[in-house]
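# Examining the three-dimensional arrangement
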Amino acid sequence: MSATEALMFDKSLTAGEAKKRGDLRNRKPYIADKLAAIADMEEAGEISPIIRLEKSYLCNFQCTHCSAEYYMDRDLKKKETIDDRTKIDMEAVRELSRQADELGLARFVITGGEPLVMRDFDEVVAAIDPDKHYVITDTNGWFLDEVRAFHLKSIGVEKVQMSLDSFVESEHDSFRNKPGSYKRVLRGVDACAAAGLNLILSTVLINGRAKTKEFRDLCQYCTDRGVGLYVSYAKPVGSATDHPEFVIDKEDADILREMEKEFLVFSHMTPSYGSYKGCITVKGIITVTSTGEITPCPYIDMSFGNVMKTPLKEILARGMRNPWTGPHRPDCLIGEDPAFIKLHQTVTAKHKLLPVPYGEGFKDDDSLDRIA
Amino acid sequence: MSNIEVVFDAKGRLEPDATIKSPAHLKSRNYFKFPNLEFDLSASYKRISAVFDIPIAEDDFVTEVEGLLKESRVSLGLDETKNVLAVPFFTPTLGDCDLGEILDNTLIPAVGKSYQNIFPDYQFKNEFPHSLSGHLKSIPGLGHDRLERAVATGPVVGLCLCVLREYSVHAAREQAKIIGGNFGLAGAIDLSSVFVSQPDLLFHKNEYPPLMWMSGCQTSWDHANFHYEAYGYNLMFNRRVHYDQVAEYWSHGVTLFKSL
């Protein structure tokens, strides 16, 4: 039995998940085939990362922990820096989609910034090609009413990942620096359900939060609604650079691992349908920034190359050859490894424009005992 | 006096021989750590006895293991100052059966029982969704083949040294050949027996422990092998692809045994 066949007959699939997969196969068999082939690709030693596309950093929020803050115009203005680098355009997105498809990659996440404030959002979805790739959008939920949800579904978006940083309204609004944002998220949950969009809620785990009643209540709410809760470890990057106290320890991560047994909750480290990747840098995710630079995860501001200059295949190969990001490891590189966190902070602090280009951050002759 | 020329670092990692062709890290930053375990032979004996019918008394078990420890220290040139993690084990008579069936029917359930005995709130899980029958064979000449033959007809007592850290599977096999002598590269039988004796080998609350490969065995897939790995406070048996890669996270055991 091939890995694909094994997955198709995977008894661990919930009825809901099996139904979703069946529905996708009926509507988009090309994508369903690519998704089903991921297990065989892993079996063959190939990787199938999700591509996060940060085409724009425009955002209507200013969150305490925003990992993209240093990419935003408002931050560059503060630093009196002008970003004159070439930005990716629709043609570049189409070419990225083509190369990704050629490599068997199947999933794009449109992120930012806040994707739903992008004027060209629909055009970006079309450039990715929702008949070739499974398209997901991130959102803070502010603009996600029922009309918008139905529109997203109509243009080919399959899934929404919406942020909810506390189950306590005042805490969420305060963390997001946006009064009313909690209520908008709950409205968005209903809107996605009405429009038939798959939904996961995402939340940031800061040190100690895993032990709180609030976090447990959030897990319970998501489980009761049948909505997965994606938990992102707080990383000492972006706005959170000045909050080292946010960084979790192993106990937080292990408590979360225990909660996975009880609730519909998962992190980027959680095994999924037999795939135990550990840290997903390059292997499970890459980020394409607005300047075409490819970083190994949303929180590492060091590039493996620019997709407008170097083929995607070679950039991924660089990432897999790199001793930090390529090898299998069970912990989060940028969220838990103090040596890498220090290296990353030292290297990125020298650069006003992020991410740090290949050769100045990550490099061909990288080593684990490298001192920044 | 040392019979084999090997070098250990300050953390008890056997450094790869210069002649090894497959990937292995020359130096380690020792990021992935085994927990600080006491070498408590009496406790091991009790944990083993709770799972297997062990045909020797505790005192004899202690004597046999201490003998193996002395032999390994002499052979590898290890003095008392070298902090090498050694885990005793016992394997019952397993008969002349397929290795996969032995794992399915005897050793993996034994690991699960031992884990449950000391961690009733956590889980041991076999994540491989199919029968293991026909999927594993001892690699001739690497030591696990000798162990397999020995346990076919009688029980053994052994000692596993967790010293091959940050080696690719192929590099561990190369290094095991260099060590040679009575040592073998841990595979399905000895590694599983180790987890019966020391189920908390990978239970580490403050640090991430390494993964342990069954590299002394060949599987049905050239590029994949079976292993034990922690997931939080839980232990799992699983299979994964490794190709010709090395990871800081990967480790292998070297074992000695004596038939009873």
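Residues numbered from 1 in each chain as written. Chains lettered and ligands numbered in written order. Predicted model: local features only at pLDDT ≥ 70, side-chain atom pairs only at ≥ 80, totals over all residues. Heavy atoms only, no water.

### Some details on the nonpolar core
If you look at soluble globular proteins, the nonpolar side chains tend to sit buried side by side. A:Leu201, A:Leu229, A:Leu312 and A:Phe340 are the most contacted members of the largest nonpolar core, which totals 106 residues. Examining the composition of this core, we find that 6 residues originate from one element, helix 9 (residues 181-195) of chain A, more than from any other. Ignoring any residue separated from it by four or fewer positions in sequence, one finds A:Leu312 in contact with A:Leu96, A:Gln99, A:Ala100, A:Leu103, A:Leu105, A:Ile286, A:Ile294 and A:Val307. In terms of nonpolar packing, the next biggest core, distinct from the first, is built from 86 residues, B:Ala110, B:Ala188, B:Val196 and B:Phe203 among them. (Core = buried A, V, L, I, M, F, W, Y, C linked by side-chain atoms within 4.5 Å. Buried < 20%, exposed > 50% of the residue type's maximum accessible area, 1.4 Å probe, protein only. Helix = DSSP H or I, 4+ residues; strand = E, 2+ residues; numbered from the N terminus. Contact = heavy atoms within 4.5 Å.)

### Things to note about the confidence of the model for chain A
Predicted confidence across chain A gives a mean pLDDT of 91, with 96% of residues reaching 70 or more. Every residue in residues 1-9 of chain A is under pLDDT 50, and counting partners more than four places away or in other chains gives 15 contacts. (pLDDT = per-residue confidence, 0-100.)

### Some words on the interface of chain A and chain B
Contact residues are listed per partner, giving 29 residues for chain A and 33 residues for chain B. When chain A packs against chain B, the two sides together hide about 2,400 Å² of surface, and 53% of this comes from carbon and sulfur. For chain A, the biggest contributors to the area lost against chain B are A:Lys250, A:Tyr276 and A:His328; these three give 30% of the whole. Of the charged contacts in the structure, one is a salt bridge between A:Asp337 and B:Arg29, with a shortest N-O distance of 2.5 Å. For the side of chain A that touches chain B, the elements supplying multiple residues, two or more each, are helix 3 (29-43), helix 11 (250-259) and helix 14 (338-349) of chain A. Among the elements that take part in the side of chain A that touches chain B, helix 11 of chain A stands out by supplying 6 residues, more than any other. (Buried area = accessible area lost by both parts, 1.4 Å probe. Salt bridge = Lys/Arg side-chain N within 4 Å of Asp/Glu carboxyl O.)

### Description of the side chain of B:His227
Secondary-structure assignment places B:His227 in strand 8 (residues 224-231). Residues within four places of B:His227 in sequence aside, it is in contact with B:Leu211, B:Met212, B:Trp213, B:Met236, B:Phe237, B:Asn238, B:Arg239 and B:Arg240.

### Observations regarding the side chain of A:Asn140
Residues and elements named next belong to chain A. Mapped onto the secondary structure, asparagine 140 falls in the loop between strand 3 (134-139) and helix 7 (146-154). For asparagine 140, a relative accessible area of 4% gives the class buried. In terms of polar contacts, asparagine 140 uses its side chain to reach the side chain of asparagine 60, at 3.1 Å. For asparagine 140, the side chain forms a polar contact with the main-chain nitrogen of tryptophan 142, separated by 2.9 Å. Here asparagine 140 is in contact with Cys59, Asn60, Phe61, Glu114, Met162, Ser163, Arg176 and Val185, once residues within four sequence places are set aside. (Polar contact = N/O pair within 3.5 Å; in protein donor to acceptor, adjacent residues only side chain to side chain.)

### Regarding the packing of aromatic side chains
Summed over all chains, the structure comprises 27 aromatic pairs over all chains. Here a set of aromatic residues connected by ring pairs shows up, and it is made of B:Phe124, B:Phe128, B:Phe195, B:Trp221, B:Phe226, B:Tyr228 and B:Phe237. (Phe/Tyr/Trp six-rings, centres within 6.5 Å; stacked < 30°, edge-to-face > 60°.)

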